[in-house]
Amino acid sequence: MAIIYIDNKPYEVKEGKNLLEACLTLGFNLPYFCWHPAMGSVGACRQCAVKLFKDDNDHTGRLAMSCMESIRDNLHLSIDDPVAKAFRSQVIEWLMTNHPHDCAVCDEGGSCHLQDMTVMTGHTYRRFHYKKRTYTNQYLGPFINHEMNRCIQCYRCVRFYKDYAGGKDLDVFSAHDHVYFGRAKDGILENEFSGNLAEVCPTGVFTDKTLKEHYTRKWDMTMAPSICQHCSLGCNIIAGERYGELRQITSRFNSEVNGYFICDRGRFGYEFVNSINRIQQPVIRARFPEAVNKPELFVHLKNILSGEIIGIGSPRASLESNYALRKLVGKSNFYQGVAKKQVKLMETVLQIINSGHVHIPSIKESEQADVVLILGEDLTNSAPRLALAVRQAVVKTAMDEAKNINLPSWHDSALREYIQEENGELLSLYPVNTKLDEIASHTQYLNPDEIARLGYAIANLLNPEYPAVKNLDDGVAEYAKVLAGILKNAIRPLIISGTGLGNESIIKAAANIAFALKTDSQRASLIYVVPECNSIGLAMMQAGSYQDVLNAGKIHQPETLIILENDLERSWGPSEASSFISSFKNVIVIDHLHHASSQKATVLIPCGTFAEADGTMVNNEGRAQRFFQVFMPANENIRESWRWLDEFKQIKDGRTIEELSEPENENLLGELITEMPQFKGAEMAAPPGDFRIKGQKIPREPHRYSGRTAMLANLNVSEPKPPEDPDTPLSFTMEGYRGIPPSPLIPFFWSPGWNSVQSINKYQVEVGGPLHGGDPGIRLFTGIESSERLILNDVPEAFHANENEWLIIPLPHIFGSEELSIYSSGVKERSPQPYIAIARQDADRLNIREDDVLQLKLNDRVFNLKAKIKEELAKGIAGIPFNIPALYGLNLPAKGILIKEKDE
Amino acid sequence: MISNLRTMALTFLHIFRKRETIQYPEEKIKLHPRWRGRIVLTRDPDMGERCVGCYLCAAACPVDCISLQSAEDENGRRYPEFFRINFSRCIFCGYCEEACPTYAIQLIPDFEMAEYTRQNLVYEKEDLLIDSEGKYPGYNYYKVAGLSAGIKGKGEGDNEEAPVDIHSLLP
Ligand code: SF4
Ligand code: SF4
Ligand code: SF4
Ligand code: SF4
Ligand code: FES
């Protein structure tokens, strides 16, 4: 701790930070542009000037950029000094000489850091009477809009895109006052994190193009804290609604999980909520009229529900919904809505995690690793935000060196200059090349079994108690030694693996390495990527796969099946799933979107998406996180699945429609925990529904929310009563507590004078650090070590390529492989066309050229796919894009036959 | 007592003053141009819709009786897809006019808006949009904004240089 004097008042501040961070942490409103808490300082914008004094007696002082000054004990500075103030306001005035008169048509307006800083410095009238510089714009793809006139040359965009996210195709061009931030040519921004430009850029140069389609100002949105539904990491997001439509997703800061950034799938994958494919009304098939209302539905269901029911849960539904189903059908009739193979994989993952012999790191902790080993995951496509963290880990290791020459950790440009192309150790094992390969120090392209064998071999080298691998290839054995050597010297090694290749041995091998690395004082970090946003939550319920229903040995099979938020055809394949479904007399499907399985339903029930429901999910690190309903849909049939299911239970228990009582999600969670203590802690993921601050709820709408008395006036001039929210401490209105709420309940970031996302500063204990009261989410894995050592022994045989049969492996794609995000037009546009990746060796043998059409026979289905030849792929292996709409339900990995179409 | 008599006398003297009361509705009152009455949406000199859907009027409105949705045409020009004012709530404070950066929304000297049913006081864009520039002729926002929205190209605005040639390194 050091004492600094700001305008002659002493303050205690943390050393190792820069002055700007210290001033902001202390609550001073000091303007800035180029500094970013996650990206450090470069001193480019000259906006953060303060006066520094030599000592007590120095009254003249000198101007200095606070973001470029280290904290020193006994430092004297002035923020209010007239010269410093005038300097800051002049900097803005200079920026404004060229700034367009665009606020009215600028999507940044109302959440614009430049607007805020202009007001803060007091610049009001443009005194410069000459012409403004202009630029032409570029087309940057479906996600990001470009309006270059608004640029203030702070360089944040390129620093984020190139330095932080590893993008290649955004840069700064030209010179002096003509610098231009864009691509070399018009075209799609390729990086998977391009959406963050909209938040990183302090102006309206880069904005969210999907928001533009239904533009709404930040102050006009009803917002709620939510959780991304598009992969297992559970990034925290803010979802905003206007006029009954979900309009925007932004990152919600959580220093442990996603920090400031989310990926493009998470940011732009929200359009399924507004899809015309939504189920709008309960439907009872094979009668007239099919669409029914709630009372009719309940009358119809009364008989059906009274019998024995099979319930199929979902890895993309909340804990509450899954539990409500389990409660309705009974423990023994509840099944996981995932394939057998997947259930097995998840069991293994949970067994390893629960052993307590490894440390499960958060994403933030992953950034601190000095050696990262990835076994069989293409992170950029299966858990994008984690790939971004790995990038930081790799750079940070190199930067750690700089401590020796006294470079502070915030001094970004100096650090990058110092390390040049130097990187830390990233070891990557995957069948084909991945985006992270470019920063990897060691990359090896192996078939899945070989990855597992190599993994086992490494564990064996690290600690001979772990099983050895027989008949290891000489090359691979040599390689194992190299990797084992690197891991051995690591201080904070991190092993990343996952279910991506569907190979259990890889999961076990990764665990063995982590176990072997464990020392007396330290557990190695191990993190698994799993398929869906609540895969862990569902797996923790420990039910069998629905594929086991038919073998469950029932004397007579139940007649009724309830499928919760799940398209069984995606996990089992069309013919198998539909014959399974049709073996039931009554099939009740509860979901928000129509899909193949919902077509087979005899009773179809609409439910809310994450934006219309409250719920809790467990991410891949075992963090239980609550998402809150964003808005009350006008259609009253759209309700949380757990609400429907709880009522079904009441009906089953013999109540009439009039006697139904309102369920509460907290009760459900409470019961869940009593019945399954492994979920203990999930109830604390957010304050309970009756939580109030000074007797008030927390408003979902900013205080400037407009149009309350007009938005529905076309329907009826008397305003309806605003919807109530009995389930949560949030209200659907603009009335309520205006201070900083507990961190899981922050619906949006705003602070007086700080309308943009930069207001996050005010919600943090220290700038860039955790939120007040701790970051949201409760870790359910206790990390208590079980006494018995876990040694996994499942070394696979070496893979032998078969001339006529290929092992078809799934290749995930950030855009396309996920069920819900594909409904966004931009995501769809960026998703791959169906293809088959085959090895160069196989291609040469069969005389296949790039783009030749190959026929793939797999699980009795036939596909015609264009060939993509991969030099690095091992022979006998072929890859197809995982679960894209044209190729779903294939239960990969599987054996398939490839036939070349005859040349015409 | 004296004060009472004086008051009565003064009141009595008003009989000989010029009369302020007029025989409305037979006789019409003369209102000044800046009188704050019925709200209209005006057009720019080229007769394009002036409103750019910036939501500032809606945010400024103290009773929140303005609601709109902005949309964009094929040239990137913003306009309100719908624009609704609930006059049964409006207090004619004129804040919306003050907030408007384009002179689109204006309060005009007309107060004769009475209706038998309150529902009829909800005005949509069709009811609000007039074919005139209103009180501020000559102003065209898109000529001074940096955005190119079919009115002018980049750098062709009133106070703009031609777009930067980013391939040139000349000073
Ligand atoms: S970037 Fe900010 S200041 Fe500039 S036009 Fe947009 S809203 Fe206005
Ligand atoms: S485009 Fe935005 S982030 Fe990039 S330099 Fe300009 S203002 Fe800064
Ligand atoms: S990394 Fe995963 S959880 Fe995070 S935003 Fe992307 S898809 Fe969502
Ligand atoms: S302030 Fe003016 S330009 Fe903006 S929405 Fe209102 S009427 Fe339209
Ligand atoms: S923030 Fe300090 S110079 Fe830009």
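Residues numbered from 1 in each chain as written. Chains lettered and ligands numbered in written order. Predicted model: local features only at pLDDT ≥ 70, side-chain atom pairs only at ≥ 80, totals over all residues. Heavy atoms only, no water.

Draft legend 1. Looking closely at the overall build of chain A. A count of helical and extended segments in chain A gives 25 helices and 36 strands. A globule of 904 residues ought to have a C-alpha radius of gyration of about 29 Å, and chain A, at 28 Å, matches this closely. Taken along its principal axes, the extent of the C-alpha atoms in chain A is 95 × 80 × 65 Å. Within chain A, the proportion of its 904 residues that are buried is 64%. For chain A, restricting intrachain contacts to residue pairs at least 6 apart in sequence, the fraction spanning at least 24 positions comes to 74%. Where the 95 positive side-chain charges of chain A centre and where its 113 negative ones centre are 2 Å apart. (Helix = DSSP H or I, 4+ residues; strand = E, 2+ residues; numbered from the N terminus. Rg over C-alpha atoms; globule rule 2.2 N^0.38 Å. Buried < 20%, exposed > 50% of the residue type's maximum accessible area, 1.4 Å probe, protein only. Contact = heavy atoms within 4.5 Å. Lys, Arg positive; Asp, Glu negative; His and termini not counted. Charge placed at Lys NZ, Arg CZ, Asp CG, Glu CD.)

Draft legend 2. Summary view of the pairing of strand S34 (residues 861-870) of chain A. Residues and elements named next belong to chain A. Where strand S32 (residues 835-839) and S34 come together, five bridges link them in parallel fashion. For alanine 837, the partnering residue across the bridge sits in S34 and is lysine 868. Relative to S34, strand S33 (residues 853-858) runs antiparallel, the two being bridged by six bridges. Residue valine 853 lies in a different strand from S34, and its bridge partner there is lysine 866. Linking two consecutive strands that pair antiparallel, namely S33 and S34, is a turn of two residues; a positive phi of about 45° is found at asparagine 859 within it. (Pairing = 2+ DSSP bridges.)

Draft legend 3. Highlighting the interface of chain A and chain B. Listed per partner, the contact involves 52 residues of chain A and 47 residues of chain B. Summing both partners gives a buried area of about 3,800 Å² for chain A against chain B, and 50% of it is carried by carbon and sulfur. As a salt-bridge pair, A:Arg708 and B:Asp64 come within 3.2 Å of each other at their nearest N and O atoms. Taken together, chain A and chain B are joined by 31 residue pairs in polar contact (both at pLDDT 80 or more). Counting residues per element, the side of chain A that touches chain B draws most heavily on strand S6 (residues 132-134) of chain A, which supplies three residues. Across two bridges, S6(A) lies against strand S6 (residues 160-163) of chain B in parallel orientation. Residue A:Lys132 lies in a different strand from S6(B), and its bridge partner there is B:Glu160. (Buried area = accessible area lost by both parts, 1.4 Å probe. Salt bridge = Lys/Arg side-chain N within 4 Å of Asp/Glu carboxyl O. Polar contact = N/O pair within 3.5 Å; in protein donor to acceptor, adjacent residues only side chain to side chain.)

Draft legend 4. Local environment of the site of ligand 2. In the vicinity of ligand 2 lie 13 residues, with A:Cys151, A:Cys154, A:Tyr155, A:Cys157 and A:Cys201 positioned nearest. Class assignment for the residues of the shell around ligand 2 results in 10 nonpolar, two polar and one charged. (Near = heavy atom within 4 Å. Nonpolar A, V, L, I, M, F, W, Y, C, P; charged D, E, K, R; others polar.)

Draft legend 5. Up close: the pattern of salt bridges. Enumeration over the complete set of coordinates arrives at 65 salt bridges over all chains. Among the ionic pairs, A:Lys435 bridges to A:Glu192, the shortest N-O distance being 3.0 Å. Of this pair, A:Lys435 sits in the loop between strand S18 (425-430) and strand S19 (442-445) while A:Glu192 is found in the loop between strand S9 (180-182) and helix H5 (197-200), placing the two residues 243 residues apart along the sequence. On the accessibility criterion, A:Glu192 (8% relative accessible area) is buried. For the salt bridge of B:Glu72 with B:Arg78, the shortest nitrogen-to-oxygen distance reads 2.9 Å. Owing to a relative accessible area of 30%, B:Glu72 belongs among the partly exposed residues under this scheme.

Draft legend 6. Focus on the domain arrangement of chain A. Residues and elements named next belong to chain A. In terms of domains, chain A is made up of domain 1 (2-94), domain 2 (294-339 + 538-688 + 695-752), domain 3 (344-530) and domain 4 (806-900). The gap between the C-alpha centroids of domain 1 and domain 3 is 40 Å. With 12 residues of domain 1 in contact, the opposing surface of domain 3 contributes six residues. For the domain 1 and domain 3 pair, buried surface summed over both sides reaches about 570 Å², with 54% attributable to carbon and sulfur atoms. Of all residues in domain 1, Ser41, Val42 and Met68 bury the most surface against domain 3, accounting for 46% of the area lost on that side. Taken together, the links from domain 1 to domain 3 amount to zero salt bridges. Inspection of the domain 1/domain 3 interface yields two residue pairs in polar contact (both at pLDDT 80 or more). Across the side of domain 1 that touches domain 3, the residue classes break down as four nonpolar, five polar and three charged. (Domains from an automatic or database assignment.)

Draft legend 7. Molecular detail of the packing of helix H13 (residues 384-400) of chain A against helix H14 (residues 412-419) of chain A. All names here are of chain A. Where H13 contacts H14, the two axes come as close as 9 Å, and the packing angle between them is 85°. The orientation of H13 with respect to H14, classified from their angle, is roughly perpendicular. Mapping the contact onto sequence places Val395, Ala398 and Met399 in H13 and Asp412, Leu415, Arg416 and Ile419 in H14. (Axes fitted to C-alpha atoms, helices over the stretch in contact; angles between N-to-C directions. Parallel < 35°, antiparallel > 145°, perpendicular 65-115°, else oblique.)

Draft legend 8. Looking closely at the packing of aromatic side chains. This model, assessed by the stated rule, comprises 31 aromatic pairs over all chains. Ring geometry for A:Tyr546 versus A:Phe580: centroids 5.8 Å apart, planes at 55°, classification tilted. You can see A:Tyr546 sitting in the loop between strand S22 (544-545) and strand S23 (560-564) and its partner A:Phe580 sitting in helix H20 (residues 574-582), a full 34 residues away along the chain. You'll find A:Tyr546 and A:Phe580 in the same group, each marked buried. With 5.7 Å between their ring centres and 55° between their planes, B:Trp35 and B:Phe111 make a pair best called tilted. Of this pair, B:Trp35 sits in the loop between helix H1 (2-13) and strand S1 (39-41) while B:Phe111 sits in the loop between strand S4 (105-107) and strand S5 (122-123); the two residues are 76 residues apart in sequence, bridging distant segments of the chain. Classification of B:Trp35 as partly exposed rests on a relative accessible area of 33%. Looking at B:Phe111, the relative accessible area reads 37%, which means it is partly exposed. (Phe/Tyr/Trp six-rings, centres within 6.5 Å; stacked < 30°, edge-to-face > 60°.)

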